[in-house]
Structure formats: structure tokens, C-alpha cells
Amino acid sequence: MGSSPSSETANHPHKGYHILQVAPGGPGEAGGLVAYFDFIISVNGRSVATQDGLFEEALKDSVGKEINLGVYNLRTEKSRDVILIPSDSWGGAGVVGLSIRPQIIENATEHVWHVLEVLLLSLSYRLFYCTPFCF
């Protein structure tokens, strides 16, 4: 369930797996993966753009061993390498604790709601208050 610090790579991808949720306490969280903004674009140096099962097979074969994920962040528009150790005993669903879907990266923002304002003392403000600059 370990991870190593992320390092920058110079990859500008077209397709990947969009990370929709990162489970608390899972290997994905330990690796610093970010829901909504991160896309898995490669596994052990091989592109997952064809979505031919390479990613799923690599996870299955890497339980208990390090796996290198190439990750593109939509907010920073930069890629980085993330080292995870998939585990079937971390206490949650899946071996890395991620909910993902195949996605063309350029289309990722087409079906997103952008909150421009939260009214003071509204229900949203009381339930989900954050600074004006949180993402």
C-alpha cells in the first residue's frame, strides 16, 4: 500500500481513464491521486489510450508489487509518474481504491457543472463551505 513521490513527465495525452473517486485509505489516495482532475494515461510506461485491458491486467498482475502510473492532471495540464502498490487487503473495494471511466481528455469538461458562486448561509455554504479558491 505504499507510494513514492510523484515526478514530472512530458506527456500530453489524448485518452485515458478519468478518476472519478479516490477511496480514503486506499493505495490511490496514498499515491496522491486527485478525483475529477487526474487521468491515468499509462501503466508501466505503456499507453492505456487503446483501452484494451492493459490497465486492468497490469493491476491484477501487480497486487503486492509496485506499479508505475502515468497521470495527467487537467487543472495543471502536466503529467507525472505515480508509484502505487495495488493491494487486495487495504480494507476497501478494488486493489487501488479508484472509481474510473474511459475518457477522451479534451471532452472531459463538457459534462461538468462549474459553481461560480455560493450564497452566504445557504445550505450549500453550510454543508460544503470552502474558501473562494478551493477546487
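The residue numbering used here restarts from 1 in each chain and proceeds along that chain's sequence as written. The predicted nature of this model means local features are confined to residues of pLDDT at least 70 and side-chain atom pairs, given and counted, to a pLDDT of 80 or more, with totals for whole chains, interfaces and linings taken over all residues. By convention in this description, side-chain values take in all heavy atoms of the structure and omit both hydrogens and water.

> Quick question: what am I supposed to make of the pattern of salt bridges here?
Where charged atoms from two side chains of opposite charge come close, those side chains can pair. One side-chain nitrogen of Lys or Arg within 4 Å of one carboxyl oxygen of Asp or Glu is enough to make a salt bridge. In total, this model carries 2 salt bridges according to the counting rule given. A salt bridge links Asp-38 to Arg-80; its shortest N-O distance comes to 2.7 Å. Of this pair, Asp-38 sits in strand β3 (residues 38-43) while Arg-80 is found in strand β6 (residues 78-84), placing the two residues 42 residues apart along the sequence. Strands here are runs of E lasting at least two residues and helices are runs of H or I lasting at least four, both read from the DSSP assignment and numbered beginning at the N terminus.

> When you look at the environment of Gln-103 in this model, what are you seeing that I'm missing?
Residue placement: Gln-103 occurs in strand β7 (residues 98-104). The rule is simple: take the accessible area with a 1.4 Å probe, protein chains only, and divide by the maximum for that residue type; under 20% is buried, over 50% is exposed, in between is partly exposed. What makes Gln-103 buried here is its relative accessible area of 13%. C-alpha separation for the pair Gln-103 and Gly-16, spaced 87 residues apart in sequence, amounts to 5.6 Å. Dropping the residues within four chain positions of it, Gln-103 is found in contact with His-14, Lys-15, Gly-16, His-18, Phe-39, Gln-51 and Ala-108. In protein, a polar contact means a hydrogen-donor-capable atom and an acceptor-capable atom, both N or O and within 3.5 Å, with residues adjacent in sequence counting only if both atoms are side-chain atoms; elsewhere, any N or O pair within 3.5 Å suffices. Polar side-chain contacts of Gln-103 include one of 3.0 Å to the side chain of Arg-101. Contact criterion: two residues are considered in contact whenever any of their non-hydrogen atoms come within 4.5 Å of each other.

> Sorry if this is basic, but what is going on with the side chain of Ser-62 here?
With respect to the helices and strands, the residue Ser-62 is situated in the loop between α2 (54-61) and β5 (67-73). There is a polar contact of 2.8 Å between the side chain of Ser-62 and the backbone oxygen of Ala-58. In this view, Ser-62 contacts Ile-67 and Pro-86; residues no more than four positions away in its chain are not counted.

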